[in-house]
Amino acid sequence: MTLHIQDGVYRSSMDDAESFWSHQADKLSWHKRPEKVLQRTTKTLKDGTTHDHWTWFPGGKISTTYNCIDRHVLNGNGHVTAICWDSPVTGLKEQYTYKQLMEEVETLAGVLREEGVKKGDVVLIYMPMIPAALFAMLAIARLGAIHAVVFGGFSPPSLAQRMEASRPKAIMTASCGIEGNKGPVGYKHLIEEAIKMSSFKPQKVIIWQREQLRWDPVTKEAGERNWQRLVKSAKNRGLKAAPVAVKSSDGLYIIYTSGTTGLPKGVVREAGGHAVGLNFSIKFLFGVHGPGDVMFCASDIGWVVGHSYILYAPLLAGATTVLFEGKPVGTPNAGEFWRIIEEYQVTTMFTAPTALRAIRRDDVENHYFEQVFGSRGGLRTLRALFLAGERSEPSIVEMYQRLLSKYCAGGAMVIDNWWSSESGSPISGIALSAAAGKDFNTKYRHTPLKIKPGSAGKAMPGFDVRVVDDDGNELQPGSMGNIVMATPLAPTAFTTLWGDEDRFYRSYLKRFNGKWLDTGDAGMIDREGYISIMSRSDDIINVAAHRFSTGAIEQAIASHPDIAECAVVGIPDSLKGHLPFAFVTLSTHEHPHPAVPNEELFREVQKNVRGQIGPIASLGGMIQGKGMIPKTRSGKTLRRVLRELVENATHNEYDKEVQVPSTIEDADVVDVARAKIKEYFSHKGKDLHKAPEARAKL
Ligand code: AMP
């Protein structure tokens, strides 16, 4: 059987990584060409532990900003639209060509230099989704400095934590952010409070004034500066900064992982590998080649997906990126994403499954997709809908695949792809333009591999993904286990944590004695190489010595047409150790009030679980409720919080405090869950769910 071109490209990246990535590196402009493609060394930690280390493109010098902007302008593409900003929350829209973007960025870089920022300094960005945020990232990179974007809207303690860890020279911020339809949120007190809390104090705070809510007063003595005034003065003086090249292994940015577990870690992205790997993936995987292609990534610049696919990758390709300041629902309605596709003729869209679930909840009939935009041909430009951030259950993939096949470009696909802050680009997926893996200039779009709903596709070039047991032994295809990777990782991926080599080893390499890098995810790889991510390893439920992933059980529950959303956790059981326990939100127009679902629904859901997984995975119980499933701001379900709440309930400790990470989107949701659990237990619990052992009373 002939090899599909995606498989062929992958194989060449594994068989001869050096020539594969050397070919990809040739597509960029280097201030100094790398001396080698890959260098492998050993690192020794303070306690004498040694582990493998690697560096991509050693000896090379590169400017990411030059490659994202100047290169295209110099190639005669200055007139191409680089950024389309669409802000339903303010009613504003703006567009910038590459030439205009260059002017903004070189001026802002000049301003930052005057304010004392230089190569190697860290600058923290705390911004809403406005063009100035993208200018800031690019201007910092232009000086060879390192940006650390913190999601705009994080509370002062989370901001202070990241300030202390990254020690920024300056903060770039705005007077306010606008969270959906809740109106403006002032940033002044958030920033000032965070600076007060942090033992490290940045020298400057540069503020983009927004008309919706101004930062008043701007106190010069406290290092505060009015961003627009500085830029205006710089423009009058013709102040500009040329791109500063940095070493391939120098940091371009630090990003803190979203933290569904524990303290956030500062992942460092290295300049050379990042540019090469992203420029490759945007073409190969996302099918975005250059002018004429329009990418709409509905993430936030605070997350890695936003860094890579709102900003850097589309600009490296010379394509157009849509920057969206709004929400999938409520700004003003569940048709907003589809309006954006129509208005900007989007060719590739990227979002998280949680956004699609929110849309499905508000628009059960897909009225906007079909009747409003689809039927008038408004979505015909769309070639693919990429999904990541969380597992996509087959039912949501299948539903959107049906919609795309009917209303979007011929052959349009829904593509689940798996990755992390650590990887910097997808570790797995289905390549939309696999032929670009061999030749970027090809216009030929080979038929992609088929998708398998529930799977996040096949390993991407450069990522050597395996499934192993707890001792690190590889498992047979189709067996569930720990998903790990052999090093080196592909060029976009991290090689260390910011200022914490020990934690890098402890968190990722120690578990398998340096042999494998632990991704923290559990799942399987089938015979054809398709990878399914079933849950975080910590979320595995052990029922009478059988291990189940939350993802598999959630998938069975979500296949019931009345379930809009669900989360499964383990509840202690005196007989079996643990039982799966479900939290569900219904998709019915009027959500029922009681926490205990009606018996028929529970029976049907139970039947799905028993039928699709097996009687041993039968649910121990199910609670229904709206606004009850806690999530991080990046859309990941916080199962750990629900697990703690039900565990406490089995000890009659309903009101006991639980650990809620600072990344939570809406802390009130935890109170709703707590109340629902209490209500459920008072009806059902008591004898049904009892902790096997009493807790020690301290
Ligand atoms: P973050 O570093 O915050 O982007 O989170 C990365 C984690 O999100 C991964 O380790 C996975 O647990 C989860 N994740 C991302 N994409 C997917 C996907 N397509 N399917 C399942 N889980 C995913």
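Note that the structure is predicted; figures quoted are calculated from it, not measured.

**Notes on helix 16 (residues 550–558)**
Counted residue by residue, helix 16 has 7 buried out of 9 residues, so it is predominantly covered. When helix 16 is considered as a whole, its buried residues turn out to be Thr550, Gly551, Ile553, Glu554, Ala556, Ile557 and Ala558.

**Some points on the packing of aromatic side chains**
Here the structure, examined in full by the defined rule, presents 36 aromatic pairs. Between phenylalanine 581 and tyrosine 680, the aromatic rings sit 5.4 Å apart at their centres with planes inclined by 90°, giving edge-to-face as the arrangement. Note that phenylalanine 581 is positioned in strand 30 (residues 577–586) and tyrosine 680 in helix 19 (residues 668–683), a separation of 99 residues in sequence. What makes tyrosine 680 buried here is its relative accessible area of 2%. Ring-pair connections join several aromatic residues into one group, and the members of that group are Phe20, Trp21, Trp30, Trp56, Phe57, Phe280 and Phe284.

**Thoughts on the UniProt feature "domain: AMP-binding enzyme C-terminal" (unreviewed entry) in the protein**
Taking the UniProt record as the reference, the feature "domain: AMP-binding enzyme C-terminal" (unreviewed entry) is found at residues 553–636. Taken end to end, residues 553–636 is 24% helix and 30% strand, and its two terminal C-alpha atoms sit 17 Å from one another.

**Description of the sheet that holds strand 7 (residues 146–149)**
Pairing between the strands of a sheet is mediated by backbone hydrogen bonds and can be parallel or antiparallel. Here 7 strands make up an open sheet; going across it, the order is 12-11-8-6-7-14-15 and the pairing mixed. On the outer flanks of this sheet lie strand 12 (224–226) and strand 15 (266–270), each paired with one strand and no other. With strand direction ignored, the average angle separating the axes of adjacent strands in the sheet is 25°. In the sheet, strand 14 (residues 251–256) pairs with strand 15 via 5 bridges, with the strands oriented antiparallel. Along strand 15, the bridge assignment pairs tyrosine 253 with arginine 269. Across the face of the sheet, helix 6 (residues 156–166) comes into contact with strand 6 (122–126), strand 7, strand 8 (170–174) and strand 14 while running at roughly 165° to strand 6. Together, strand 6, strand 8, strand 11 (204–208) and strand 12 form the strand contacts of helix 7 (residues 188–197), whose direction differs from that of strand 8 by roughly 160°.

Criteria and cut-off values
- Residues numbered from 1 in each chain as written.
- Predicted model: local features only at pLDDT ≥ 70, side-chain atom pairs only at ≥ 80, totals over all residues.
- Heavy atoms only, no water.
- Buried < 20%, exposed > 50% of the residue type's maximum accessible area, 1.4 Å probe, protein only.
- Helix = DSSP H or I, 4+ residues; strand = E, 2+ residues; numbered from the N terminus.
- Phe/Tyr/Trp six-rings, centres within 6.5 Å; stacked < 30°, edge-to-face > 60°.
- UniProt positions renumbered as here; feature names shortened; annotations may be inferred.
- Pairing = 2+ DSSP bridges.
- Axes fitted to C-alpha atoms, helices over the stretch in contact; angles between N-to-C directions.
- Contact = heavy atoms within 4.5 Å.

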